[in-house]
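Chains, contacts and geometry: an overview
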Amino acid sequence: MKFVKEEEENREDYIFQKNEKTRFGAKFIIITLVLLAIAVVASGLYFEWF
């Protein structure tokens, strides 16, 4: 099993594929994690936990 599939290959046994769906999903997850981290820091400052 390979990790990343190139667009010209026609196989399905890859973890990630280089297509729009994978790029959108990766960006969405990264943005969501960053926003959650900012929310944790903001709530910690607001409730004076830090």
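Right above here is the structure, for reference.
Residues numbered from 1 in each chain as written. Predicted model: local features only at pLDDT ≥ 70, side-chain atom pairs only at ≥ 80, totals over all residues. Heavy atoms only, no water.

**Some details on the packing of aromatic side chains**
Quick reminder of the rule: Two rings from Phe, Tyr or Trp (for Trp, the six-membered ring) form a pair when their centres sit within 6.5 Å of each other. Planes less than 30 degrees apart are called stacked, planes more than 60 degrees apart edge-to-face, and all others tilted. Secondary structure elements are defined from DSSP: runs of H or I of at least 4 residues count as helices, runs of E of at least 2 residues count as strands, and each element is numbered from the N terminus. Exposure classes here rest on a 1.4 Å probe applied to the protein chains alone. A residue is buried below 20% of its type maximum, exposed above 50%, and partly exposed in between.
Counting across every chain of the model gives three aromatic pairs. Considering the side-chain rings of F24 and F28, the 6.2 Å spacing of their centres and the 20° angle between planes classify their relative orientation as stacked. Here the residue F24 and the residue F28 both occupy positions in helix α1 (residues 20–46), the gap between them amounting to four residues, near one helical turn. Ring centres of F47 and W49 lie 5.2 Å apart, and the angle between their planes is 25°; on these two criteria the pair is classed as stacked. Judged by its relative accessible area of 60%, W49 falls in the exposed class. Ring pairing ties together the aromatic residues Y46, F47 and W49, which thus form one cluster.

**Quick look at the pattern of salt bridges**
Just so we agree on the cut-off: In what follows, salt bridge is the name for a side-chain nitrogen of Lys or Arg lying within 4 Å of a carboxyl oxygen of Asp or Glu.
Under the criterion given, the structure shown has one salt bridge. The partner of E20 in a salt bridge is R23, and the shortest N-O contact between them spans 3.6 Å. Of the two residues, E20 and R23 are both situated in helix α1; the distance of three residues between them amounts to about one turn of the helix. For R23, a relative accessible area of 38% corresponds to the partly exposed category.

**Let's talk about α1**
Selection rule: Helix span, expected: 1.5 Å multiplied by one less than the number of residues in the helix.
Compared with an ideal rise of 1.5 Å per residue, which puts 27 residues at 39 Å, α1 spans 38 Å between its outermost C-alpha atoms and is within 8% of the ideal. For α1, the buried fraction is low: one of the 27 residues fall into the buried class. Looking one or two places after α1, you find E48, whose phi comes out positive at around 55°.

**Section: the environment of A26**
As for its position among the elements, A26 is in helix α1. For the pair A26 and F16, spaced ten residues apart in the sequence, the C-alpha separation amounts to 9.9 Å.

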